[in-house]
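Inside the fold
Below, each chain spelled out in residue letters.
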Amino acid sequence: MADIVRVEGLSKSYKGGFQALKHVDLTIREGEILALLGPNGAGKTTLISCICGITSISAGRVLVAGHDNVTEYRAARSLIGLVPQEINLEPFETVMATVRYSRGLFGKKDNDAYIDEVLRQLSLYDKRDTQVRALSGGMKRRVLIAKALSHEPQILFLDEPTAGVDVSLRKEMWQTVAELQKRGVTIILTTHYIEEAEAMADRIGIISDGQIRLVREKQALMHELGRKVLRIELAQPLTEVPAGLDTYELSLAKDGAELVYTYDVQSDGTGITRLLTALAERGVKVRDIRTEQSSLEDIFVDLVEAEGQA
Ligand SMILES: Nc1ncnc2c1ncn2[C@@H]1O[C@H](COP(=O)(O)OP(=O)(O)O)[C@@H](O)[C@H]1O
Ligand SMILES: [Mg+2]
């Protein structure tokens, strides 16, 4: 897949000096769905605002289909549609007028046939002459997407498309996004829901504290997220992992007082019962056990530690 957006060494400091982005490198591939996953305050909105050229960049550059988004702002911006997190629509305008107006802002000639097509794609066509205020929440969100697509962009940014939205509406949004991808739109969305990234993305980028921690194929990342840890508190500390347990991923912690077993939730069977039996056979007495699911937070910690060692 060709790269459609390149972000190179991008930093952003807000007035007052707060550095919201720290040397971000990121490549977006044509036709993919990339989810930027990170907690509140991570810098997701800042990053997409910088890519779209609506927030100034402090250092680095952004190329959109080869166009620098500062020196060739209009060319770069015309390729991008942005769906903001907040619903900000004129309640008394009709759907059609709302979307037409957005197209006009880009200096594009009227093309109602194109807008009708977008409205059909988004299941809004029969609402084209309805006032925005009469629409359901889900429809209003789709109007935001229609507005973002009004000037025929190739790349669509969705900033937290489902934050604070109920489950059925969230699934509806996932379907809408999948449909858009099928029609050739490259999609970048931000989210703080792991399930959302899992449901939609081809690749997932994890962002925290203004830095991209990793970008990976979804399959590979979900595998890592699916790992669990079983902490086995021992009655007597051990100096080494008991012999004959090589088939298990084991390590000692807390000065030998704890045996740590890492396993894959997605594999058939966890092996916990077998492991506990094997320990009993070796005379290792267990005081307590508890499991930990690796969370996004753990992955951040692991990544930061790994970087520290590299
Ligand atoms: N206009 C601004 N001025 C100063 N700081 C800001 C501004 N906008 C965002 N920030 C700060 O930058 C950080 C990243 O914010 P943001 O990009 O909105 O994160 P996210 O979208 O991941 O929740 C936060 O600490 C936020 O408080
Ligand atoms: Mg945000």
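For clarity, every value in this text was computed on a predicted model and none was experimentally measured. (Residues numbered from 1 in each chain as written. Chains lettered and ligands numbered in written order. Predicted model: local features only at pLDDT ≥ 70, side-chain atom pairs only at ≥ 80, totals over all residues. Heavy atoms only, no water.)

Describing the overall build of the protein chain
The number of helices and strands found in the protein chain is 10 helices and 14 strands. Taken over the C-alpha atoms alone, the protein chain extends approximately 80 × 40 × 35 Å along its principal axes. Look at the contacts in the protein chain between residues 6 or more apart in sequence, and 67% of them connect residues 24 or more apart. Carbon together with sulfur atoms contributes 48% to the accessible area of the protein chain, which is approximately 15,600 Å² in total. Of the side chains in the protein chain, 38 bear a positive and 45 a negative charge, and the two mean positions are spaced by 5 Å. (Helix = DSSP H or I, 4+ residues; strand = E, 2+ residues; numbered from the N terminus. Contact = heavy atoms within 4.5 Å. Areas by Shrake-Rupley, 256 points an atom, 1.4 Å probe, with all protein chains shown as cover. Lys, Arg positive; Asp, Glu negative; His and termini not counted. Charge placed at Lys NZ, Arg CZ, Asp CG, Glu CD.)

So, the domain arrangement of the protein chain
Split into domains, the protein chain comes out as domain 1 (3-79 + 154-222), domain 2 (89-151) and domain 3 (227-293). Averaged C-alpha coordinates put domain 1 and domain 2 at centres separated by 23 Å. Taken together, the contact pairs 14 residues of domain 1 with 12 residues of domain 2. Across the interface of domain 1 and domain 2, roughly 1,100 Å² is buried in total on both sides, 67% from carbon and sulfur atoms. For the domain 1 face of the interface with domain 2, the top three residues by lost area are Leu156, Leu180 and Arg183, together amounting to 31%. A salt bridge links Glu172 to Arg142; its shortest N-O distance comes to 2.9 Å. Between the two partners, domain 1 and domain 2, sit three residue pairs in polar contact (both at pLDDT 80 or more). (Domains from an automatic or database assignment. Buried area = accessible area lost by both parts, 1.4 Å probe. Salt bridge = Lys/Arg side-chain N within 4 Å of Asp/Glu carboxyl O. Polar contact = N/O pair within 3.5 Å; in protein donor to acceptor, adjacent residues only side chain to side chain.)

Observations concerning the UniProt feature "domain: ABC transporter" (unreviewed entry) in the protein chain
UniProt records the feature "domain: ABC transporter" (unreviewed entry) at residues 5-234, using the numbering of this structure. Summarising residues 5-234: 35% helix, 30% strand, and an end-to-end C-alpha distance of 52 Å. (UniProt positions renumbered as here; feature names shortened; annotations may be inferred.)

Overview of the sheet that holds strand S9 (residues 203-208)
Within a beta sheet, neighbouring strands are joined by backbone hydrogen bonds and run either parallel or antiparallel to one another. With mixed pairing, the six strands of this open sheet are ordered in space as S6-S7-S8-S3-S9-S10. Lying at the two open borders of the sheet, with one neighbouring strand each, are strand S6 (80-83) and strand S10 (211-217). Each strand axis lies, on average, 15° off the axis of its neighbour in the sheet, ignoring direction. The pairing of S9 with S10 spans six bridges and is classified as antiparallel. Considered in S10, the bridge of Ser208 is made with Gln211. Lying over the sheet, helix H6 (residues 167-182) contacts strand S3 (33-37), strand S7 (155-159) and strand S8 (186-191), oriented at roughly 155° with respect to S8. (Pairing = 2+ DSSP bridges. Axes fitted to C-alpha atoms, helices over the stretch in contact; angles between N-to-C directions.)

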